[in-house]
Amino acid sequence: MKELKKSLKLWWEKYSIKLRRLLLWLVLAALAMFALLPLFWMFITAFKKEGLGLQTEIIPKGSLSELYTLSNFTAILADKDFPFFRFLLNSTIVAGSAAIVSSAICFMSAYAFARKNFPGKEFIYGLLMASMMVPGMIFMVPQFALITQFGWMNSWQGLVIPHTANVFGIFLLRQAIERIPKSLFEAAEVDGASDWQIMFLVIVPLSSPVLLTLFLLTFLGQWSNFLWQLIVNTPDSPWITLPVGISLFKGQYSIAWEKMMAASVISVLPVLLLFIFLQRYIISGLTQGGVKE
Amino acid sequence: MKSSLRDRLKKFTPFLWLSPFLLVFAVFLAYPMVYSFLISLRKVTWQTDLNAVFSDMRWVGFANYRELLTRADFWWSLIATFLYMLLTIPTGIFLSLVLATLLTENLPGSRFFRSAIFLPNILDMLVIGLVWKLIYSPDGLLDKVLMKAGIEYFHTKGFLGNPLTALAAVALAMVLKGCGFGMVLFMTAMKNISPNIFEAADLDGMTWWQKFRYIRVPLVKPVILFLTITGILGCLNAFTEFFIMTEGNPVMLFAGETVGATRVSGYLLFTRFTEMNYGSAAALSYFLLIFALIVSYINWRFLRDKSV
């Protein structure tokens, strides 16, 4: 008995750290599994055969083709009532152009805030920053009213323009420009560089990671800006985007889970690719607002 | 004389750089704040010209605000929003903090786990909500798993069809979607903690929990505050997850009226909007604004007191 106790104690001393690490790893892996569960389930269901969307089997008893098929994707992309390929194109145009316009106007403003002096500068800057505390829902009704009066319903302008004034973008870029050593600007000015030359020859090369970050964040934000895209588009609009298309599809075929998940996969895939290749830029931008170094 | 006028004008040339941004900001963000208030004092009536709704609304003074204050669905929407905050914010912060702590332990595969947990954060809310609706539905994945374990309570209505569980089910889905954001914030903040502190703690024989509770938590307080504020704003804006998962349902009784159990204020605003009750929707948004201003005032006081 004493021997056993002693050997147990020795064993514990030898392995307790490893055991503890294994335990922590298991907790972490379980949490990651839960976080990825919806994504995993979306992909699995998207390949299920018609009518099997609620099936929870993953491994079929017989051959794979008993449970899985590619026909959801071909059916969705060929659907005339719900042209998902068109929705995909619309989403890309809306999110892409919003990101370009927004980054450009934020860049110009951030340049002025970082490099110029003018009356009321810090006051205006403070006012812009304070506006970030206003919940976005407040703008829905008046922005919609403006859009109808401008005749911008069902149009590119209506979808894109109201969301290009991104205050967070100015914040991000102003910081990036102010981090560039002053001597570089002075050298450029001595050489007689114009504002445009300074912007494109000095700032753009040196702060390109931040510009890319801002572009990506705006793109992702507008890719899933569902509420606004829902109210600016009527169901017969040529500008219906992926999330709106999916919600309309759900309204009509609320039990066609396999097809809904196939459409969801189409909507998620571009974002997934962006994340896999550019996650460094996305994460760094999102964290800059929250942590001060 | 001429040159001094030029100098004075020159002071304002930087505004040329600001002008595109300020123009969009003024038209679509600053003016709407005022415009929204004007809309909230008006009402669409049966006489309103449907081709020019917003220029033909009738003046009703503060009637929209008074009407809201007497409605059970308004009060329930505030309570539901508050419950939604309670369900998402503390759990989200706790989970993020635990994840960040685990990820700083240098366990194998940490980089992959970090990316995997962060990923859902940037995925389309509508799509993620839709998948959760599938997982939560009667006969869905979660129900089947629980049935195997002998729990049949959820089998008839699913998780989203039951007024007692619907809000919590949405909250759980959103916590799992959002926790990666808090996690990377905490990780960045923790990198700034000097390792000497932990060495000293180890020498003192502190347990993992004690280190977590007495070293990490106090040092990441600013992140906790930031997540609380953004969480509150997020709950005031919450809409898409309810639109796709519950449509504000299931119905239940509250103060003698039937209300939607998950009809949070953002969703109620949308409902009023689709009923063309624009005045009421605008009035509701002003209540939300007041709430957000109080929160940011407390936040500002909190930060100021700490820096003094």
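Residues numbered from 1 in each chain as written. Chains lettered and ligands numbered in written order. Predicted model: local features only at pLDDT ≥ 70, side-chain atom pairs only at ≥ 80, totals over all residues. Heavy atoms only, no water.

**Q** Explain the side chain of lysine 259 of chain A to me, please; I cannot follow it from the model alone.
**A** Within the secondary structure layout, lysine 259 of chain A lies in helix H13 (residues 257-288). Contacts of lysine 259 of chain A, omitting those with residues within four sequence positions, involve Glu50, Asn72, Ala75, Ile76 and Phe249 of chain A. (Helix = DSSP H or I, 4+ residues; strand = E, 2+ residues; numbered from the N terminus. Contact = heavy atoms within 4.5 Å.)

**Q** Just to check I follow, could you spell out unusual backbone geometry for this structure?
**A** Negative phi values dominate among residues other than glycine, just as trans dominates among peptide bonds. A cis amide bond, omega -5 degrees, links asparagine 249 of chain B with the succeeding residue proline 250 of chain B. Within the element layout of this structure, proline 250 of chain B appears in the loop between helix H12 (240-245) and strand E3 (251-254).

**Q** I tried to follow the packing of helix H4 (residues 72-103) of chain B against helix H8 (residues 166-191) of chain B on my own but got confused; where do I start?
**A** All names here are of chain B. In contact at an axis separation of 6 Å, H4 and H8 are set at 40 degrees when each is read in the N-to-C sense. Classified by the angle between their axes, H4 and H8 sit oblique to one another. The chirality of how H4 crosses H8 is right-handed. Taken together, the residues of the contact of H4 with H8 sort by class into 22 nonpolar, six polar and no charged. (Axes fitted to C-alpha atoms, helices over the stretch in contact; angles between N-to-C directions. Parallel < 35°, antiparallel > 145°, perpendicular 65-115°, else oblique. Left-handed = near helix turned anticlockwise from the far one by under 90°. Nonpolar A, V, L, I, M, F, W, Y, C, P; charged D, E, K, R; others polar.)

**Q** How should I be thinking about the packing of aromatic side chains in this particular structure?
**A** Two aromatic rings, taken as a pair, are described by how far apart their centres are and by the angle between their planes. Residue and element names in this part refer to chain B. Within this structure, the stated rule accounts for 49 aromatic pairs over all chains. Seen from their ring centres, phenylalanine 37 and tyrosine 286 are 5.4 Å apart, and the 55 degrees between their planes marks the pair as tilted. In this pair, phenylalanine 37 sits in helix H2 (residues 14-40) while tyrosine 286 sits in helix H14 (residues 278-307), placing the two residues 249 residues apart along the sequence. Exposure remark for phenylalanine 37: the relative accessible area of 29% places this residue in the partly exposed category. A relative accessible area of 16% places tyrosine 286 in the buried class. Each ring, one from tyrosine 153 and one from phenylalanine 154, has its centre 5.0 Å from the other, and the planes form 80 degrees; the classification is edge-to-face. The exposure class assigned to tyrosine 153 is partly exposed, which follows from its relative accessible area of 49%. Clustering of aromatic rings is evident, with ring pairs tying together Phe37, Phe62, Tyr65, Phe74, Trp75, Tyr286 and Phe287. (Phe/Tyr/Trp six-rings, centres within 6.5 Å; stacked < 30°, edge-to-face > 60°. Buried < 20%, exposed > 50% of the residue type's maximum accessible area, 1.4 Å probe, protein only.)

**Q** Mind showing me how you'd approach the environment of methionine 85 of chain B here?
**A** Residue and element names in this part refer to chain B. Mapped onto the secondary structure, methionine 85 falls in helix H4. Each C-alpha atom, one on methionine 85 and one on threonine 228, is 9.2 Å from the other, the two residues being 143 residues apart in sequence. Once residues within four sequence positions are removed from consideration, methionine 85 is found in contact with Pro90, Ile232, Cys235, Leu236 and Phe291.

**Q** Just checking my understanding: could you explain the domain arrangement of chain A for this structure?
**A** A common way to report how large an interface is uses the accessible area buried once the components associate. All names here are of chain A. Here chain A is described as being made up of domain 1 (2-69) and domain 2 (72-288). On a C-alpha basis, the centroid separation for the pair domain 1 and domain 2 is 37 Å. Taken residue by residue, the interface counts 14 residues in domain 1 and 12 residues in domain 2. Each partner contributes to the roughly 960 Å² buried at the junction of domain 1 and domain 2, and carbon and sulfur atoms together form 75% of this total. It is Met42, Phe43 and Ala46 that lose the most area in domain 1 upon contact with domain 2, and together they represent 48% of the buried surface on that side. Here domain 1 is connected to domain 2 by one salt bridge. Ionic pairing is found between lysine 259 and glutamate 50, a salt bridge with its closest N-O pair at 4.0 Å. Where domain 1 packs against domain 2, one counts two residue pairs in polar contact (both at pLDDT 80 or more). (Domains from an automatic or database assignment. Buried area = accessible area lost by both parts, 1.4 Å probe. Salt bridge = Lys/Arg side-chain N within 4 Å of Asp/Glu carboxyl O. Polar contact = N/O pair within 3.5 Å; in protein donor to acceptor, adjacent residues only side chain to side chain.)

**Q** I'm lost on the interface of chain A and chain B in this one. Help?
**A** Between chain A and chain B, the residue contacts involve 94 residues of the former and 89 residues of the latter. In terms of surface lost to chain B, no three residues of chain A exceed Leu28, Met133 and Met137 of chain A, which account for 9% of the buried area on that side. Summed over the shared surface of chain A and chain B, the result is two salt bridges. The partner of glutamate 105 of chain B in a salt bridge is arginine 20 of chain A, and the shortest N-O contact between them spans 3.5 Å. The interface formed by chain A and chain B holds nine residue pairs in polar contact (both at pLDDT 80 or more) in total.

**Q** What is the right way to read the side chain of aspartate 73 of chain B from this model?
**A** Residues and elements named next belong to chain B. Following the sequence through the fold, aspartate 73 ends up in helix H4. For aspartate 73, the side chain forms a polar contact with the side chain of arginine 71, separated by 3.1 Å. A distance of 3.0 Å separates polar atoms of two side chains, one belonging to aspartate 73 and the other to arginine 272. Excluding its chain neighbours within four sequence positions, the residues that come into contact with aspartate 73 are Val259, Leu268 and Arg272.

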